[in-house]
Amino acid sequence: MIAEKYNSLTTIKAIGADGCPTNTAKHQGAIRHFENLKRSPVQWIICGLHNIELVLRKVFVTIDGETHSGEVYIGAIGQLISGSNNRGLGLVERYMIVQFTPIKGEVCQLHPSFLQNADIRNLHTVMLLVQSGPSQIDEQFSITTGPVNQARWVTTATNILCLYMITEDPWDDLVLMVEFIVKVYGPTICDIKQDSHVSCGPINFFKSLKRSREMFEFTRPTVWDAIKDTLQTNGFWAHVEKILLAMVCDTDPLVREQGVAIIEEVRQKKKRSSAKMIRKFIVPDINFEAKSYFTMIDLSQFIPVKEFVSPPLLDSYSIEDIKAMNFSDNFRCIASHQQHVERWVANTSVAAKCAVGQERRHEFLLNMSESFGKVSTDPTVKEFKQILKRNEELEKKR
């Protein structure tokens, strides 16, 4: 195993993954297996972006209908946006856009540094246009919507919004899907991008719950029930260890004090405990009427050591360090999503095609990483000219 080969069993404090059972099953999941190998708990960081995509999927199939034979859409929206071989609507240009009614949403402007992913950037652009209306769309506007399938919900959302923008007389379900995207799905993505630290995970999860509740609880209770089922099944961010981590990083000193007190108590109980079993990470029952992220569960109902431990990411910090929020730069860089991991999974597939053997693949990936640092994923002509100039200078030195 890689962790053993590089003597990392004791240093790995957290594992990031999406929420599929292969990773998260409480008995046989990959993270549980790693905890048993390590003989101690790790921080479970289940991708927040993946979570909200699961909610979008549930809302879409509840409103528009399930797919047929895996990827064939049978609903009115799905059939129109899937295009040829699920390639989506394709190129949407300004002349195709009708005088659609703007839909008020909660999507905010994002700094370009949060929009390096092309799919997220396209979605963000279209969400803002849907909110502002056709009068704000430039005559040169054009966008390629991307594919529509079970693995590409960001591009599926972009296709839904573009379908609304080019439809003269949108029907109720299409309008409802657009409202969900600009009022729940899109704002949650913006939250995760802007407040991406692992301690913000429970807060962003709660915001998506609250927005969904406000939109559907009384107007479309069947949709709200479907969302609750999805959030409960994938409620990893409502676990005690996640909420405690959020609490000790909270801006409210009273919330921080409460979180620190619980962590101090569980650490003392762990010292006195002779139990050798590692706690099993189990998603708790969520209070869907909660008014804040730390009331999504009743913290007093969980048994320290047996059902939860002090957040593993804080193991190397004393209680005084936690009180003073004296955390390292590495800790402050840990994200609540794994979009960067997904990118490297794709890069590893490329490396496997181009290099033979583990060492050569590793070198290939290191070279890719270095090149990404020098050239952006969406390079400009100016950047290419700078690279050419730099190469010419190197040639002269030789």
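Okay, so let's go over this structure. (Residues numbered from 1 in each chain as written. Predicted model: local features only at pLDDT ≥ 70, side-chain atom pairs only at ≥ 80, totals over all residues. Heavy atoms only, no water.)

**Some points on the pattern of salt bridges**
(1) Moving on: The tally for this structure, following the rule as stated, stands at 11 salt bridges.
(2) Moving on: The partner of Arg-279 in a salt bridge is Glu-35, and the shortest N-O contact between them spans 3.1 Å. Residue Arg-279 is found in the loop between helix H12 (253–272) and helix H13 (319–323), and its partner Glu-35 is found in helix H3 (residues 30–38); the two are separated by 244 residues along the sequence. Here the two residues Arg-279 and Glu-35 agree in accessibility, since each one is buried.
(3) Moving on: A salt bridge links Arg-279 to Glu-241; its shortest N-O distance comes to 2.6 Å. Placement of the pair is Arg-279 in the loop between H12 and H13 and Glu-241 in helix H11 (residues 240–248), with a sequence separation of 38 residues. (Salt bridge = Lys/Arg side-chain N within 4 Å of Asp/Glu carboxyl O. Helix = DSSP H or I, 4+ residues; strand = E, 2+ residues; numbered from the N terminus. Buried < 20%, exposed > 50% of the residue type's maximum accessible area, 1.4 Å probe, protein only.)

**As for the packing of helix H4 (residues 48–64) against helix H8 (residues 172–194)**
Packed helix pairs are specified by the crossing angle of their axes together with the interaxial distance, meaning the distance between the axes.
(1) Moving on: Taken N-terminus to C-terminus, the directions of H4 and H8 make an angle of 175°; their axes are 10 Å apart at the nearest point. As the angle between them shows, H4 and H8 are arranged roughly antiparallel. Seen from H4, the contacting residues are Gly-48, Leu-49, Ile-52, Glu-53, Val-55, Leu-56, Val-59, Phe-60 and Ile-63; seen from H8, they are Asp-173, Leu-176, Met-177, Phe-180, Ile-181, Tyr-185, Thr-188, Ile-189 and Ile-192.
(2) Moving on: Taken together, the residues of the contact of H4 with H8 break down into 14 nonpolar, two polar and two charged. (Axes fitted to C-alpha atoms, helices over the stretch in contact; angles between N-to-C directions. Parallel < 35°, antiparallel > 145°, perpendicular 65-115°, else oblique. Contact = heavy atoms within 4.5 Å. Nonpolar A, V, L, I, M, F, W, Y, C, P; charged D, E, K, R; others polar.)

**Regarding the nonpolar core**
(1) Moving on: The biggest cluster of nonpolar side chains holds 93 residues, and the ones touching the most others in it are Phe-180, Tyr-185 and Met-296.
(2) Moving on: Element by element, the count of residues in this core is highest for H8, at 12 residues.
(3) Moving on: Ignoring sequence-local partners within four residues, the contact set of Met-296 consists of Pro-202, Phe-205, Phe-206, Leu-209, Trp-237, Ala-238, Ile-243, Asp-285, Ile-286, Asn-287 and Ala-290. (Core = buried A, V, L, I, M, F, W, Y, C linked by side-chain atoms within 4.5 Å.)

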